[in-house]
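# Structural description and commentary
Listed here are the chains, written in short residue letters.
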Amino acid sequence: MGKLERRVVLVTGATSGIGQAIARRCAKEGARVLATGRDETRLAELARDPAGIACHAADLRGAAGADDCVAAAISAFGQLDGLVHSAGIVRRREDIRDTTDQQWAQMISANLDSSFRLARACLRVMVPRGTGSIVLVGSQLAHVASPGYGSYCASKGGVEALVRALAVDFGPSGIRVNSLTPGVVATPLAYVDRPDFDDQVEAIAARLPLRRIGQPDDMTGPAVFLLSDDSAWMTGQSLVVDGGFTIQ
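What you see is a predicted model; the values in this text were computed from it and never measured. (Residues numbered from 1 in each chain as written. Predicted model: local features only at pLDDT ≥ 70, side-chain atom pairs only at ≥ 80, totals over all residues. Heavy atoms only, no water.)

Moving on, we get to the packing of aromatic side chains. According to the stated counting rule, one finds 2 aromatic pairs in the structure shown. Summarising the aromatic geometry, the rings of Tyr191 and Phe197 are spaced 5.0 Å apart at their centres and angled 70° between planes, so their arrangement reads as edge-to-face. Judged by its relative accessible area of 1%, Phe197 falls in the buried class. (Phe/Tyr/Trp six-rings, centres within 6.5 Å; stacked < 30°, edge-to-face > 60°. Buried < 20%, exposed > 50% of the residue type's maximum accessible area, 1.4 Å probe, protein only.)

Structure, rendered in structure tokens:
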């Protein structure tokens, strides 16, 4: 029996990278998965996964996107037990002096506002049932700074502060809220951030105690752990999975 049998899990950002890997792993662990994203072609490919994954096209940039995703999960499966919010954006080589109000707002909206809205929507259906696990994907840059990431660091730092606040507020209602905190992972987003990513892989890996960058599958076990009863007495925490970068 899988660790997520009889549970319904909503996974955002599931059209590629970390989100897609987590959606597939949750399905293999027995969960009924609703995967969301903006790319309908990629969602159609994911829907063909042998483990069985339901897909729903959604845009989390708008105020209604989170409510729409949760409503779709309830419509498909009748309940919601877990959330992994993996959707987000990154922007590098940013001089904060040149960052426009629009660019700042875009980063905060994509990473922090969407986390707030999804958590709010999930809590509205989880609290009456007295159970649920919310996993918001953070970043190692919520813990350490890197040049040129001002707005990104702020957005992900806000996500991790939100996790702690929600854990305190809703622990008495039986809801656990934690952050999955990746380091550098080889995903399509890494190439948006660094067009020369392939040329930098060896140099990045050399800075890590484990001497390799992460792969999307490296995030799946920790995500399942946070969703499952294996972490039943854990809330408000940041589970850092970064090859050891932040311990140095």
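This part covers the side chain of Asn178. With respect to the helices and strands, Asn178 occurs in strand 6 (residues 175-182). A polar contact is formed between the side chain of Asn178 and the backbone nitrogen of Gln237, at a distance of 3.0 Å. (Helix = DSSP H or I, 4+ residues; strand = E, 2+ residues; numbered from the N terminus. Polar contact = N/O pair within 3.5 Å; in protein donor to acceptor, adjacent residues only side chain to side chain.)

Attention now goes to the packing of helix 1 (residues 17-28) against helix 8 (residues 220-227). Helix 8 packs onto helix 1 with a crossing angle of 55° between their chain directions and a minimal axis gap of 9 Å. What the angle tells us is that helix 1 and helix 8 run oblique. Viewed along their axes, helix 1 and helix 8 form a crossing whose handedness is right-handed. Of the residues in helix 8, those touching helix 1 at Ala21, Ile22, Arg25 and Cys26 are Thr220, Gly221, Ala223, Val224 and Leu227. Looking at the contact of helix 1 with helix 8, its residues break down into 6 nonpolar, 2 polar and 1 charged. (Axes fitted to C-alpha atoms, helices over the stretch in contact; angles between N-to-C directions. Parallel < 35°, antiparallel > 145°, perpendicular 65-115°, else oblique. Left-handed = near helix turned anticlockwise from the far one by under 90°. Contact = heavy atoms within 4.5 Å. Nonpolar A, V, L, I, M, F, W, Y, C, P; charged D, E, K, R; others polar.)

Now for the nonpolar core. Residues Leu10, Leu80, Leu83, Cys122, Ile134, Leu136 and Val177 are the most contacted members of the largest nonpolar core, which totals 27 residues. Elements represented by at least two residues in this core include exactly strand 1 (8-12), helix 3 (65-77), helix 4 (101-126), strand 5 (132-137), helix 5 (150-170) and strand 6. The leading source of residues in this core is helix 4, at 6 residues. Beyond its immediate stretch of four places on either side in the chain, Cys122 contacts Val70, Leu80, Leu83 and Ile134. (Core = buried A, V, L, I, M, F, W, Y, C linked by side-chain atoms within 4.5 Å.)

The strand order 3-2-1-4-5-6-7 describes an open sheet built from 7 strands, whose pairing is parallel. Sheet topology places strand 3 (53-57) and strand 7 (238-241) at the edges, where each strand pairs with a single neighbour. Ignoring which end each strand starts from, the neighbouring axes of this sheet average 20° apart. Bridge count for strand 1 against strand 2 (residues 32-37) is 4 bridges, and the pairing is parallel. Paired with Val8 across the bridge in strand 2 is Arg32. Helix 1 rests against strand 1, strand 2, strand 3, strand 4 (82-85) and strand 6 of the sheet, and its axis sits at about 165° to strand 1. Strand contacts of helix 8: strand 1, strand 4, strand 5, strand 6 and strand 7, with the helix running at about 170° to strand 6, the strand carrying the most contacts. (Pairing = 2+ DSSP bridges.)

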